[in-house]
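Okay, here's what each chain looks like letter by letter:
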Amino acid sequence: MFVSFFPKPKLFFTSATVWSLFLILLWFFGGARFGAHFGLGPAAPGTPPIVGISVFWSKPFLWFYIYFTVAVALFYLFWNWYSPHPWQNWSILVTAFILFLIYFNVEVSVAVNTWYGPFYDYVQGLMAGTANSTVGEFYAGQASFAWLALVGMNVSVVNAFIVSHWIFRWRTAMNNHFVESWSLLRHIEGASQRIQEDTMRFSQIMEDLGSSFVESIMTLIAFLPVMVALQQHITELPIVGVVPQPLVVAAIGWCLFGTLAIMLAGVKLPGLQFRNQRVEAAYRKELVYGEDHDDRAQPATTAALFDNVRKNYFRLYFHYVYFNVVRFTYLQADNIFSFIILAPSFIAHKITFGALSQISNAFGRVTQSLQFLINSWSTIVELQSVYKRLRAFEATLRGEELPDIDKRFLEKAAEHGEHAAVAE
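Conventions and cut-offs
- Residues numbered from 1 in each chain as written.
- Predicted model: local features only at pLDDT ≥ 70, side-chain atom pairs only at ≥ 80, totals over all residues.
- Heavy atoms only, no water.
- Phe/Tyr/Trp six-rings, centres within 6.5 Å; stacked < 30°, edge-to-face > 60°.
- Helix = DSSP H or I, 4+ residues; strand = E, 2+ residues; numbered from the N terminus.
- Buried < 20%, exposed > 50% of the residue type's maximum accessible area, 1.4 Å probe, protein only.
- UniProt positions renumbered as here; feature names shortened; annotations may be inferred.
- Contact = heavy atoms within 4.5 Å.
- Expected span 1.5 Å × (residues − 1).
- Bend = angle between axes of the 7 residues up to and from the residue.
- Axes fitted to C-alpha atoms, helices over the stretch in contact; angles between N-to-C directions.
- Parallel < 35°, antiparallel > 145°, perpendicular 65-115°, else oblique.
- Left-handed = near helix turned anticlockwise from the far one by under 90°.

A.B. asks: Would you mind going over the packing of aromatic side chains with me for this structure?
C.D. replies: Centre distance and the angle of the planes are the two values used to describe a pair of aromatic rings. Evaluation of the coordinates by the stated rule reveals 54 aromatic pairs. Aromatic pair Phe-64 and Tyr-103: ring centres 5.1 Å apart, planes at 40°, arrangement tilted. Highlighted residues: Phe-64 in helix 2 (residues 59–82) and Tyr-103 in helix 3 (residues 88–128), separated in sequence by 39 residues. Overall, Phe-64 belongs to the buried group, its relative accessible area being 14%. Taken together, a centroid distance of 4.6 Å and an interplanar angle of 25° make the contact between Trp-254 and Tyr-330 stacked. Here Tyr-330 lies in helix 9 (residues 299–341) and Trp-254 lies in helix 7 (residues 246–265), a separation of 76 residues in the sequence.

Dropping the structure here:
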């Protein structure tokens, strides 16, 4: 699944993680200020933030573009020298460009959050009659948001297009890798389905899950400093009282609670999803055999196979009931959680309309990024089941033992024939 597209996958992903972490820490602990040597340093302390689309060609952003490009080039050159790979342009360069587009869109969200403060304070002044303005000034404020929204929308469209091509290249690499070894793999149960359907599903799930995960990490990186800056409006947290970094503490604690609850509620789902794929594949395989052989797909056999499908689906439905109760209860409570923790500040008259909009948006972005497992658990379950099926292919190609469930299937097939194995 990975060696077909990435050079030395374990080392590659480890090095990519370490390199990324190093670059992030370097940026926050001096790298951002180093641009001042080239006339591209950050704004002086106390300088009002740039509001609107012009922030993206400001000096700090121009320095970030250079910093990111140099970092990617160094990483690419190292792997091109250390372990050349036929798909390295896609797995390294295009991946880096996708990461850049995702981060750029996150920064668009940060820019929108910055716009919220002055504009909604301006609206509050108009509503209270304490500020004077013209219709033209009002529309100019809205136009500033419109430009940000337009840029963010178009970057998302471009990113989705590139990601779709990137994912299909990965599927192509997997397909070619497995087809080249078809003589070794053809005897594994559902081999044709695993190559055609499972590689397709794996790549599609990775497109959704991978993009969401990366966006969550980048949102966390971009919005945590925003939350720290906004904590001047917070007096204390309900029940807990005064704590350092109250917004960050509240966000992490709330999301940790939700993640643990969802993981406990969904602990049985991966195994059931995997078994679901197996019984569906067995039923489909018997029907395919029945197209060419009169003695296959007989009513008794197909009835037994479909009964296995029915039983597994009913078990899956049952376990999803309490899983969804826990998940949706938490997500509904999440809609009002930020207002709950802001209650003491409301009572103390510490928050303006603009600050409320900024805090609510930033807090929502951070908690959403921390809730990646909660929002993606069903997709992760499906990915695990697909991974287990493709893992049997890799075990065969490497001369390793098959996963336990595949060994049990082969043992049953040898002892009692194929139908007994399927029923088991």
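A.B. asks: Looking at this structure, how should I read the UniProt feature "transmembrane region" (unreviewed entry) in the protein chain?
C.D. replies: Here the UniProt feature "transmembrane region" (unreviewed entry) sits at residues 12–30, 61–79, 91–116, 145–168, 209–228 and 248–267. Overall, residues 61–79 shows 100% helix and 0% strand. The separation of its end C-alpha atoms is 27 Å. Annotated as residues 91–116, this span is 100% helix and 0% strand, and its ends, taken at the C-alpha atoms, are 38 Å apart.

A.B. asks: Which parts of the structure should I look at to understand the environment of Glu-382?
C.D. replies: With respect to the element layout, Glu-382 can be found in helix 12 (residues 372–397). Classification of Glu-382 by relative accessible area gives partly exposed; the value is 27%. Sequence spacing of Glu-382 and Gly-271 is 111 residues, and the spatial spacing of their C-alpha atoms is 9.7 Å. Contacts of Glu-382, omitting those with residues within four sequence positions, involve Arg-201, Ile-205 and Gln-277.

A.B. asks: Is there a simple way to think about helix 9 in this case?
C.D. replies: Residue pairs spaced three or four apart in an α-helix point in one direction, given the helix's 3.6 residues per turn. Under the 1.5 Å per step criterion, the end-to-end length of helix 9 is 62 Å for 43 residues, consistent within 8% with the ideal 63 Å. Considering bend angle alone, the principal kink of helix 9 is centred on Asn-335 and spans about 45°.

A.B. asks: Is there a simple way to explain the environment of Ala-160 in this structure?
C.D. replies: Note that Ala-160 resides in helix 4 (residues 135–179). Given a relative accessible area of 41%, Ala-160 falls into the partly exposed group. Sequence separation between Ala-160 and Ile-102 is 58 residues, and the spatial gap between their C-alpha atoms is 9.9 Å.

A.B. asks: Can you help me understand the packing of helix 3 against helix 4 in this one?
C.D. replies: The axes of two packed helices give the description: the angle between them and the distance between them. Relative orientation of the contacting elements helix 3 and helix 4 amounts to 160°, with a least axis distance of 9 Å. In this view, helix 3 runs roughly antiparallel relative to helix 4, as classed from their interaxial angle. Crossing of helix 3 over helix 4 shows left-handed handedness.

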